[in-house]
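Each chain, written out:
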There are 2 protein chains.
Amino acid sequence: MATRAQRTERRTDALSKERIVDAAIGILDAEGEKGLTFRALAARLATGAGAIYWHVANKDELLAAATDGVVTRVVTDVGRGEGPREGIRTLALGVFDAIDVHPWVGTQLSREPWGSALLQIFEGLGGRLQELGVARADQLNSASALLNYVLGAAAQNAANARLALPVGADRSTFLGGIAARWTELDAARHPFLRQVSAELPEHDDRTQFLAGIDLILAGVDTARRAHG
Amino acid sequence: MATRAQRTERRTDALSKERIVDAAIGILDAEGEKGLTFRALAARLATGAGAIYWHVANKDELLAAATDGVVTRVVTDVGRGEGPREGIRTLALGVFDAIDVHPWVGTQLSREPWGSALLQIFEGLGGRLQELGVARADQLNSASALLNYVLGAAAQNAANARLALPVGADRSTFLGGIAARWTELDAARHPFLRQVSAELPEHDDRTQFLAGIDLILAGVDTARRAHG
DNA sequence: ACCTGAACACCGTTCAAGT
DNA sequence: ACCTGAACACCGTTCAAGT
């Protein structure tokens, strides 16, 4: 019995921060942010609610760790095979797609301003801007422009997912409904929304997201030409 | 007595959605998002917690109305006196400054994707892009690039305010602490963060925010030239 | 029509007690 | 060292009862 205890590398059912975070991600994906409860988490792990506090300080740390897990995977997967410009697009799109699968990540990214997940994305964007030859004085501004754009789109997408899914309607009818409401708006006060409402039902979120990245990169190029 | 009841325009202390929303804004500004409770709100209004539900459906509607109140004031104040490019900068900066005063607005804007507050900003940005002569095919992409950037920066700023204020430290020591942590990072894995850490303590959030707007507008100009 | 306030069904977090 | 589960101090929301 004593030897058995010695050679037990690690009991599969032992609690650990990793197991807790994985279970949390599972709940978040399946039930959304409202579903993640210490009681639900304890039930899934077949333990008491208080046990989780031995491995995790509180709910904020748990959410940060879960976000970190997802983002680390994305940033690592992107790799360094391609050129800096394509790398920025791939990285941004990777974050965008991850949020499609894990909408709660989009919300969480905006909540922890200097968290590890955010820094990884920031480093990924900024490092590639350096490779691109952006002047040193412009690097911080350009990288945070890209980061803020990605974060804004991410949060927006996450909120959309929260809104569209409960209804159960498919994407185009959902957008169609919004467009219909916009079309009814006062043309004098909302000329832009009215016009855009026609394009909304057929637009593709992913394409639009990438167009925004390219727009910012075009702005970066302008500054680059002005400096050099 | 009957005539008295007739000529009572409106008792000053009567509950109304407007009074409730104003009180909510007051609590949110003073105590933050965590401080806004139906019980705290009822206490401030000298009424029962349940009374609020006669005027407001639930907490989400309350938060949306509060956000709407702040944003409407900003969008209205900006006016139409200046050219479209300057108008975009003024509008964006107006939202940015409003979030400095009401950090909770930054969080909330990302939570209600098709809410009135967001649409007002979107219309303000998009309408001015139309005036700027942006090709119709590029208007939706350009406007949402600007919107997502503003939202990302807004949420980030709000999260920073949540983080910095409880500590009570002033801004430069706060940023200095973050920069110090970045400087310790592995130079090989985080070349960008390390370099940027030197610029962080002296950088100005407002200036950087505006630089991002200008960067996107430069990208918009590029597309404009290509089309025209 | 509008307001009251107790009650319900939850939370995150703590902590004495166990192993 | 790690886990249990009851208990504490809250929440948002409802609803019978009042005026």
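Residues numbered from 1 in each chain as written. Chains lettered and ligands numbered in written order. Predicted model: local features only at pLDDT ≥ 70, side-chain atom pairs only at ≥ 80, totals over all residues. Heavy atoms only, no water.

(A) Quick look at the overall build of chain A. Secondary structure assignment for chain A yields 11 helices and zero strands. Helices and strands appear in chain A in the N-to-C order α-α-α-α-α-α-α-α-α-α-α. Here chain A has a C-alpha radius of gyration of 22 Å; the compact-globule value for 228 residues is 17 Å, and the former is much larger. Projected onto its principal axes, the C-alpha positions of chain A cover 75 × 50 × 25 Å. Burial statistics for chain A: of 228 residues in total, 49% are counted as buried. By element, 53% of the accessible surface of chain A is carried by carbon and sulfur atoms, the whole surface being about 11,000 Å². Averaged over its 25 positive side-chain charges, chain A has a centre that lies 5 Å from the centre of its 28 negative ones. (Helix = DSSP H or I, 4+ residues; strand = E, 2+ residues; numbered from the N terminus. Rg over C-alpha atoms; globule rule 2.2 N^0.38 Å. Buried < 20%, exposed > 50% of the residue type's maximum accessible area, 1.4 Å probe, protein only. Areas by Shrake-Rupley, 256 points an atom, 1.4 Å probe, with all protein chains shown as cover. Lys, Arg positive; Asp, Glu negative; His and termini not counted. Charge placed at Lys NZ, Arg CZ, Asp CG, Glu CD.)

(B) Region of the structure containing the nonpolar core. In this structure, A:Leu41, A:Leu109, B:Leu41 and B:Leu109 are the most contacted members of the largest nonpolar core, which totals 140 residues. When near neighbours in sequence (up to four residues on either side) are disregarded, B:Leu41 contacts B:Ile20, B:Ala23, B:Ala24, B:Ile27, B:Leu36, B:Ile52 and B:Leu62. (Core = buried A, V, L, I, M, F, W, Y, C linked by side-chain atoms within 4.5 Å. Contact = heavy atoms within 4.5 Å.)

(C) Quick peek at the protein's contact with DNA strand D. By nearness alone, 16 residues border DNA strand D, and A:Thr47, A:His55, B:Arg39, B:Tyr53 and B:Lys59 come closest of all. Within 4 Å of the protein, the atoms of DNA strand D are drawn from sugar and phosphate moieties in a proportion of 51%. Residue B:Arg39 places a side-chain N or O atom 2.7 Å away from a base oxygen belonging to DNA strand D. Its residues placed into classes, the surface near DNA strand D shows six nonpolar, seven polar and three charged. (Near = heavy atom within 4 Å. Polar contact = N/O pair within 3.5 Å; in protein donor to acceptor, adjacent residues only side chain to side chain. Nonpolar A, V, L, I, M, F, W, Y, C, P; charged D, E, K, R; others polar.)

(D) Local environment of the protein's contact with DNA strand C. Contacts to DNA strand C come from 16 residues, most closely from A:Arg39, A:Tyr53, A:Lys59, B:Thr47 and B:His55. The share of sugar and phosphate among atoms of DNA strand C within 4 Å of the protein is 52%. One of the backbone nitrogen or oxygen atoms of A:Leu36 is found 3.5 Å away from a phosphate oxygen of DNA strand C. A:Lys59 has a polar side-chain atom sitting 2.7 Å from a phosphate oxygen of DNA strand C.

(E) Fine view of the environment of A:Arg44. Residues and elements named next belong to chain A. Note that Arg 44 resides in helix 3 (residues 38-44). Sequence spacing of Arg 44 and Ala 98 is 54 residues, and the spatial spacing of their C-alpha atoms is 24 Å. Contacts of Arg 44, omitting those with residues within four sequence positions, involve Ala 23, Gly 26 and Ile 27.

(F) Quick peek at the relation of the copies chain B and chain A. Under the fitted operation, chain B is carried onto chain A by 0.0 Å of movement along the axis and a turn of 180°, and the coordinates agree to an RMSD of 0.0 Å. Viewed as a symmetry operation, the transformation between the two copies matches a two-fold axis. Comparing interface residues between copies, 98% of those in chain B also lie at the interface in chain A; the contact surface is shared. (Least-squares fit on C-alpha atoms with pLDDT ≥ 70 in both.)

(G) Geometry of the packing of aromatic side chains. All told, the structure shown has 12 aromatic pairs over all chains when counted by the stated rule. Residues A:Phe122 and B:Phe192 carry aromatic rings whose centres are separated by 5.3 Å and whose planes lie at 80° to one another, so their mutual orientation is edge-to-face. Highlighted residues: A:Phe122 in helix 7 (residues 116-131) and B:Phe192 in helix 10 (residues 191-197), drawn from two different chains. Under the relative-accessibility criterion, B:Phe192 is labelled buried at 0%. Taken together, A:Trp114, A:Phe122, B:Trp182 and B:Phe192 form an aromatic cluster joined through their ring pairs. (Phe/Tyr/Trp six-rings, centres within 6.5 Å; stacked < 30°, edge-to-face > 60°.)

(H) A look at helix 5 (residues 84-101) of chain B. Look at helix 5 of chain B: 26 Å from first C-alpha to last across 18 residues, which is about the 26 Å you get at 1.5 Å a residue. For helix 5 of chain B, the set of buried residues is B:Gly87, B:Ile88, B:Arg89, B:Leu91, B:Ala92, B:Leu93, B:Gly94, B:Val95, B:Phe96, B:Ala98 and B:Ile99. (Expected span 1.5 Å × (residues − 1).)

(I) Highlighting the packing of helix 2 (residues 17-31) of chain A against helix 4 (residues 59-78) of chain A. Residue and element names in this part refer to chain A. Orientation of helix 2 relative to helix 4, taken along the N-to-C sense of each, is 85°, at an axis distance of 9 Å. Accordingly, the angle class assigned to the pair helix 2 and helix 4 is roughly perpendicular. For the pair helix 2 and helix 4, contact is made by Lys 17, Ile 20, Val 21, Ala 24, Ile 25 and Leu 28 and by Glu 61, Leu 62, Leu 63, Ala 65, Ala 66, Val 70 and Arg 73, respectively. Classifying every residue of the contact of helix 2 with helix 4 by side-chain character gives 10 nonpolar, no polar and three charged. (Axes fitted to C-alpha atoms, helices over the stretch in contact; angles between N-to-C directions. Parallel < 35°, antiparallel > 145°, perpendicular 65-115°, else oblique.)

(J) A look at the environment of A:Ser197. Residues and elements named next belong to chain A. Considering the arrangement of structural elements, one finds Ser 197 in helix 10 (residues 191-197). A sequence separation of 179 residues divides Ser 197 from Glu 18, and the C-alpha atoms of the two residues are 45 Å apart. A distance of 3.3 Å separates a polar atom in the side chain of Ser 197 from a polar atom in the side chain of Thr 183.

(K) Layout of the side chain of A:Thr107. Considering the arrangement of structural elements, one finds A:Thr107 in helix 6 (residues 103-109). A distance of 3.2 Å separates a polar atom in the side chain of A:Thr107 from a polar atom in the side chain of A:Glu33. The residues contacting A:Thr107, other than those within four sequence positions of it, are A:Glu33, A:Ala158, A:Arg162 and B:Arg111.

(L) Representation of the interface of chain B and chain A in the model. Listed as interface residues are 55 residues of chain B and, on the opposing side, 54 residues of chain A. At the boundary of chain B with chain A, total buried surface from both sides reaches about 5,000 Å², with 62% on carbon and sulfur atoms. Across the contact surface, chain B and chain A share zero salt bridges. Between chain B and chain A we count 14 residue pairs in polar contact (both at pLDDT 80 or more) in total. (Buried area = accessible area lost by both parts, 1.4 Å probe. Salt bridge = Lys/Arg side-chain N within 4 Å of Asp/Glu carboxyl O.)

(M) Looking closely at the packing of helix 5 (residues 84-101) of chain A against helix 11 (residues 205-227) of chain A. Residue and element names in this part refer to chain A. It is at 10 Å that the axes of helix 5 and helix 11 come closest, and there the two elements cross at 145°. Seen along the crossing, helix 5 lies across helix 11 with a hand that is right-handed. Seen from helix 5, the contacting residues are Arg 85, Ile 88, Arg 89, Ala 92, Leu 93, Phe 96 and Asp 97; seen from helix 11, they are Asp 205, Arg 206, Phe 209, Leu 210, Ile 213, Asp 214, Leu 217, Asp 221 and Arg 224. Broken down by class, the residue content of the contact of helix 5 with helix 11 amounts to eight nonpolar, no polar and eight charged. (Left-handed = near helix turned anticlockwise from the far one by under 90°.)

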